[in-house]
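Given next are the chains, with one letter for each unit.
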Amino acid sequence: MKKIQISPSILSADFSKLGEDIKRLEESGADMIHVDVMDGHFVPNLTIGPPVIKSLRKYTKLPFDVHLMIDPVHKYIKDYIDAGADIITFHPEATNNVFETINLIRLLKRKVGISLNPNTDIHAAKEHLDKIDLILIMSVYPGFGGQKFIKEVIQKIKDLDQIRKDKKLNFKIEIDGGIDFETSKIAIDAGVDILVSGTTVFKENNGDLKKNIETLKKI
Ligand code: DX5
Ligand code: ZN
């Protein structure tokens, strides 16, 4: 049976005590920490940047799974890596040259992911699948937590899982947006390896992080 990993999104945490919340996530069985970086331009919301990530680094040894929703993205990659990102995921629409951005992240020895919005076809990533560590399927339009899961993206996951098998590739499939105790199952069945979750992890069961992470992991 394959192992499902959980990457809780700190977008749903208490921003006045992010360090503490990250520590609690580690103690509750999170596998990595999903950090949503928004620029108020690529997406209609604004969150945090490198200085905050840097100051959070000391609170956990878990990998920082940094989801960059910023345009242009390329010139900021190094700043996020210097701040402590272990995985950098970007959207292909936000760079002039996807190859160069992948290469830069590789050169700086971090894991690289490409993210596909609900209306972005897998063609945008197809030629890069042998060079990336993960593909992040957006199951909501990025910008805000607490949105409804868009079930149409399931077919994309199935297609990617098939390509991965056919070509014997190793990239992981991560899903982000509207993941709850039901949609998680649908996503896992389709081939997902990593679940991002903000609202469900932080708000269900009166905010019992451990219980929520354990329940999401159950196949
Ligand atoms: C959306 C973000 C997500 C979001 C997920 O733009 O990329 O990571 O925080 O939150 P929930 O789990 O509430 O949909
Ligand atoms: Zn995200």
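Computed from a predicted structure; not experimentally measured.

### Things to note about unusual backbone geometry
Here comes step 1: Here Asp71 and Pro72 are connected by a cis peptide whose omega angle stands at 0°.
Here comes step 2: Topologically, Pro72 is positioned in the loop between strand S3 (64–69) and helix H3 (77–83).
Here comes step 3: One non-glycine residue, Lys109, lies in the positive phi region at around 60°.
Here comes step 4: On the secondary structure map, Lys109 appears in the loop between helix H4 (98–107) and strand S5 (111–116).

### Quick look at the pattern of salt bridges
Here comes step 1: What the rule picks out here adds up to 14 salt bridges.
Here comes step 2: Notably, a salt bridge pairs Lys2 with Asp193, separated by 3.5 Å at the nearest N-O pair. Of this pair, Lys2 sits in the segment before strand S1 (5–8) while Asp193 sits in the loop between helix H7 (183–190) and strand S8 (194–197), and the two are 191 residues apart along the sequence.
Here comes step 3: Taking the relative accessible area as the measure of exposure, Asp193 reaches 9% and is therefore buried.
Here comes step 4: The shortest N-O distance in the salt bridge between Asp130 and Lys131 comes to 2.9 Å.
Here comes step 5: Judged by relative accessible area, which is 54%, Asp130 ranks as exposed.

### Points about H7
Here comes step 1: If you check which residues of H7 are buried, you get Thr183, Ser184, Ala187, Ile188 and Ala190. All buried residues of H7 fall inside an arc of 160° around its axis, so they share one side.
Here comes step 2: Contact partners of the buried residues in H7: helix H6 (154–166), strand S7 (172–176), S8 and helix H9 (209–217).
Here comes step 3: Directly after H7, the chain includes Gly191, whose backbone phi takes a positive value near 130°.

Scoring rules and cut-offs
Residues numbered from 1 in each chain as written. Chains lettered and ligands numbered in written order. Predicted model: local features only at pLDDT ≥ 70, side-chain atom pairs only at ≥ 80, totals over all residues. Heavy atoms only, no water. Helix = DSSP H or I, 4+ residues; strand = E, 2+ residues; numbered from the N terminus. Salt bridge = Lys/Arg side-chain N within 4 Å of Asp/Glu carboxyl O. Buried < 20%, exposed > 50% of the residue type's maximum accessible area, 1.4 Å probe, protein only. Arc of directions from axis to C-beta. Contact = heavy atoms within 4.5 Å.

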